[in-house]
Amino acid sequence: MTIERAEKAIGYTFKDKTLLKRALTLASASEDNNQLLEFFGDAILEFIVSERIYSEEITEGALTERRKNLVADSALAPVSERLGLDKLLVKGKSDIFNKKAVPSAYEAVTAAIYLDGGMEEAKKFVLSTLDFSVGETVVNYKGKLQELLQSGGGACPEYCRKEIGTERNHRFSVSVEAFGKTFVGEADNVKSAEQAAAESALKYYETKFQKF
């Protein structure tokens, strides 16, 4: 591994070159390895991804699932391979089948960039390299609830909304009648609140009646 080659691959020039070397060194090769950087990078990555997807008009549960998909090893591994990090890893001779090392390298590099250049540089790296199309398809709870009710001869569900926030911090409460009960969802926008109310109704149906 050459530092120049690694910097070119990730698109960032380090002031402290030892950070990049450590980020790409596995425990099988040295005591000065990327394990702590991997741990720190995981948290930084979750923050950057959370901030990036926060404005998407989906429920909290759906956001959590989307973030989980984006930062999963299965999503990070191809990104690491596309950047060539898998070929830049420094590892012990017997360390051949360490599949975890490839996605972990991306997390470690994210932390190294953060420590060397700050959050803005870390954001540039993540936002320009991570594939945000992963997990983009989310559950349409309103559509599922409408389909379920109408399949049983029921009417299309009606949503009643109420603003419960302030002028500076908007927040909405939405209720919907289904299965003889009232279900409520809250969110910073009406669409997300509607989805939350429908999700609550469907979870009740799943628990009391059957899987949908």
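On a predicted model such as this, the values are computed, not experimentally measured, just so you know.

Details of the overall build of the protein
Piece 1. Helix and strand counts for the protein stand at ten helices and three strands.
Piece 2. Along the protein, helices and strands appear, N-terminal first, in the series α-α-α-α-α-α-α-α-α-β-β-β-α.
Piece 3. Relative to a compact globule of 212 residues, whose C-alpha radius of gyration would be 17 Å, the protein shows 23 Å and is clearly more extended.
Piece 4. Residue burial in the protein is summarised as follows: out of 212 residues, 41% are buried.
Piece 5. Taking the intrachain contacts of the protein between residues at least 6 apart in sequence as the baseline, contacts between residues at least 24 apart amount to 53%.
Piece 6. Once the 29 positive and 33 negative side-chain charges of the protein are each reduced to a mean point, those two points are 2 Å apart.

A few points about the pairing of strand 3 (residues 181–187)
Piece 1. Summarising the sheet, strand 2 (residues 172–178) and strand 3 pair through seven bridges and their orientation is antiparallel. Directly across from Ser173, in strand 3, lies its bridge partner Glu186.
Piece 2. Counting the residues in the hairpin turn of strand 2 and strand 3 gives two residues, including Phe179, whose phi is positive at 55 degrees.

Quick notes on the sheet that holds strand 2
Piece 1. Pairing is antiparallel in the open sheet, where three strands are placed in the order 1-2-3. Single-partner strands in this sheet number two, and they are strand 1 (159–163) and strand 3. Sheet twist, expressed as the average angle between the axes of neighbouring strands with direction ignored, equals 20 degrees.
Piece 2. Sheet analysis places strand 1 next to strand 2, joined by five bridges and oriented antiparallel. Bridge assignment links Glu163 to a residue of strand 2, and that residue is Phe172.
Piece 3. Each of strand 1, strand 2 and strand 3 is contacted by helix 10 (residues 190–208), which is oriented at about 140 degrees to strand 3, the strand it contacts most.

Concerning the side chain of Asn34
Piece 1. Secondary-structure assignment places Asn34 in the loop between helix 2 (17–23) and helix 3 (35–53).
Piece 2. Leaving out residues up to four positions away in the same chain, Asn34 has contacts with Arg22, Ala23, Thr25, Leu26 and Ala108.

About the thresholds
Residues numbered from 1 in each chain as written. Predicted model: local features only at pLDDT ≥ 70, side-chain atom pairs only at ≥ 80, totals over all residues. Heavy atoms only, no water. Helix = DSSP H or I, 4+ residues; strand = E, 2+ residues; numbered from the N terminus. Rg over C-alpha atoms; globule rule 2.2 N^0.38 Å. Buried < 20%, exposed > 50% of the residue type's maximum accessible area, 1.4 Å probe, protein only. Contact = heavy atoms within 4.5 Å. Lys, Arg positive; Asp, Glu negative; His and termini not counted. Charge placed at Lys NZ, Arg CZ, Asp CG, Glu CD. Pairing = 2+ DSSP bridges. Axes fitted to C-alpha atoms, helices over the stretch in contact; angles between N-to-C directions.

So, to be careful, I would describe these as geometric facts and stop short of saying anything about function.
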